[in-house]
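Letter by letter, the chains look like this.
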Amino acid sequence: MKIRVLRIVPDTIVDGPGLRTSIYCAGCAHHCPGCHNPQTWDFAAGTPMTPQEISDAVMAESPDSGITFTGGDPLYQAEAFAELAKLIKTAFPQKTIWCYTGFLFEEILSDEKMKKLLPWLDVLVDGPFVMALRDTKNLRFRGSSNQRLVDVPASLRAGHVVEWESGNEAAPFAK
Ligand code: SF4
């Protein structure tokens, strides 16, 4: 099982708290008007990499960073990303994993393939980008106000969405 990777960007500070390594995958069918990355929509773009190859690359480049899955939409390749997340969390349980998606948490939870990724995530930034709700000044880590920062472990325990609170930003690897 391979993931089509567009690029791996170390030490970014915009895709979640602290220093993070962002893994950009190819492919998104949401086609949100105003999307900042339409060049990532093509499912045939990028380089196919196994979860192990990506994990090795990430560890070699930024052993201390958190991890962010983005794209494109990683949920179209959820099973492979679940495998990648498992590798990362098994080797480095202290690393937090954030994931961006145009799907809603509830949609992911009701889909057999997509929901396999959820147990490995710390935060899911969910929902499509909506131009009319864009707020570049006040929103952190998301583009439009409909998007939620979902605390995934708390939401799975509660059975409904619990939003992430930014109290752990000073210690991005703490859980
Ligand atoms: S989900 Fe994200 S990548 Fe996909 S079209 Fe919307 S904003 Fe762009």
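Everything that follows concerns the structure shown earlier in this document.
This is a predicted model, so every value here is computed, not measured. (Residues numbered from 1 in each chain as written. Predicted model: local features only at pLDDT ≥ 70, side-chain atom pairs only at ≥ 80, totals over all residues. Heavy atoms only, no water.)

K.L.:
Quick question: what am I supposed to make of the nonpolar core here?
P.N.:
Note on soluble globular proteins: their nonpolar side chains tend to be buried together. Grouped together as the largest cluster of nonpolar side chains are 32 residues, with contacts concentrated most on I23, I54, F69, L75, L117, L121 and L124. A per-element tally of this core places helix α2 (residues 78–91) first, with seven residues. Apart from the residues lying within four places of it in its own chain, the contact partners of L121 are F69, I97, C99, V152 and P153. In this structure, W98, V125, F141 and L149 belong to the second largest nonpolar core, which totals seven residues. (Core = buried A, V, L, I, M, F, W, Y, C linked by side-chain atoms within 4.5 Å. Buried < 20%, exposed > 50% of the residue type's maximum accessible area, 1.4 Å probe, protein only. Helix = DSSP H or I, 4+ residues; strand = E, 2+ residues; numbered from the N terminus. Contact = heavy atoms within 4.5 Å.)

K.L.:
Where do I start with the pattern of salt bridges in this structure?
P.N.:
Opposite charge on two side chains permits them to pair, given that their charged atoms come into close proximity. Within this structure, the stated rule accounts for five salt bridges. R148 is the salt-bridge partner of E106, the closest N and O atoms lying 2.8 Å from each other. Remark: R148 occurs in strand β7 (residues 148–151) and E106 occurs in helix α3 (residues 105–109); sequence separation between them is 42 residues. When its relative accessible area of 38% is taken as the criterion, E106 is described as partly exposed. The salt bridge partner of E112 is K115, with a shortest N-O separation of 3.5 Å. Judged by relative accessible area, K115 falls into the partly exposed class, the value being 32%. What emerges from the salt-bridge pattern is a single network uniting E106, D126 and R148. (Salt bridge = Lys/Arg side-chain N within 4 Å of Asp/Glu carboxyl O.)

K.L.:
Would you explain the pairing of strand β5 (residues 97–100) in this entry?
P.N.:
On a regular strand, each side chain points to the face opposite its neighbour's, so the side chains alternate between the two faces of the sheet. Alternating residues of β5 divide into I97 and C99 and W98 and Y100, and every residue in both groups is buried. Sheet analysis places strand β4 (residues 66–70) next to β5, joined by three bridges and oriented parallel. In the sheet register, F69 faces β5, and the bridge partner there is C99. Chirality of the crossover, the property in question, places the unit of β4, α2 and β5 among those that are right-handed. Direction of pairing for β5 relative to strand β6 (residues 123–126): parallel, over a ladder of three bridges. Within β6, the residue paired with Y100 across the bridge is V125. (Pairing = 2+ DSSP bridges. Right-handed = clockwise from strand over helix to strand, strands pointing away.)

K.L.:
What's the story with the site of the ligand in this structure? I'm lost.
P.N.:
Taken together, C28, H30, H31, C32, C35, W41, G72, G102 and F129 are the residues near the ligand. Of the residues assigned to the shell around the ligand, the class counts are five nonpolar, four polar and no charged. (Near = heavy atom within 4 Å. Nonpolar A, V, L, I, M, F, W, Y, C, P; charged D, E, K, R; others polar.)

K.L.:
So what exactly am I meant to see when it comes to the packing of aromatic side chains here?
P.N.:
We describe a pair of aromatic rings using the distance from one ring centre to the other and the angle between the two ring planes. As enumerated under the stated definition, the model contains five aromatic pairs in all. With a centroid separation of 4.9 Å and an interplanar angle of 80 degrees, the aromatic rings of W98 and W164 are classed as edge-to-face. Remark: W164 occurs in the segment after α4 (152–158) and W98 occurs in strand β5; sequence separation between them is 66 residues. By the burial criterion, W98 is buried, and W164 matches it. Three or more aromatic residues joined by ring pairs form one cluster here, namely F43, Y76 and F103. K95 extends its terminal NZ or CZ atom over the ring of F92, reaching a point 5.4 Å from the ring centre. (Phe/Tyr/Trp six-rings, centres within 6.5 Å; stacked < 30°, edge-to-face > 60°. Lys NZ or Arg CZ within 6 Å of the ring centre and 35° of its normal.)

K.L.:
Hey, could you run me through the sheet that holds β7 in this one?
P.N.:
Strands belonging to one sheet form pairs held by backbone hydrogen bonds; the direction of such a pair is parallel or antiparallel. With mixed pairing, seven strands are arranged side by side in an open sheet as β3-β1-β2-β4-β5-β6-β7. Unpaired on one side and paired on the other, β3 (47–49) and β7 mark the two borders of the sheet. Across the sheet, the mean angle from the axis of one strand to that of its neighbour is 30 degrees, orientation sign disregarded. The pairing of strand β2 (residues 20–25) with β4 spans five bridges and is classified as parallel. Residue pairing for β4: R20 is matched across the bridge by G66. Packing against the sheet, helix α1 (residues 51–61) makes contact with β1 (3–12), β2, β3 and β4, and its axis sits at approximately 15 degrees to β1. Contacts between α2 and the sheet are confined to β1, β2, β4 and β5, with β4 contributing the most and set at about 175 degrees to the helix. (Axes fitted to C-alpha atoms, helices over the stretch in contact; angles between N-to-C directions.)

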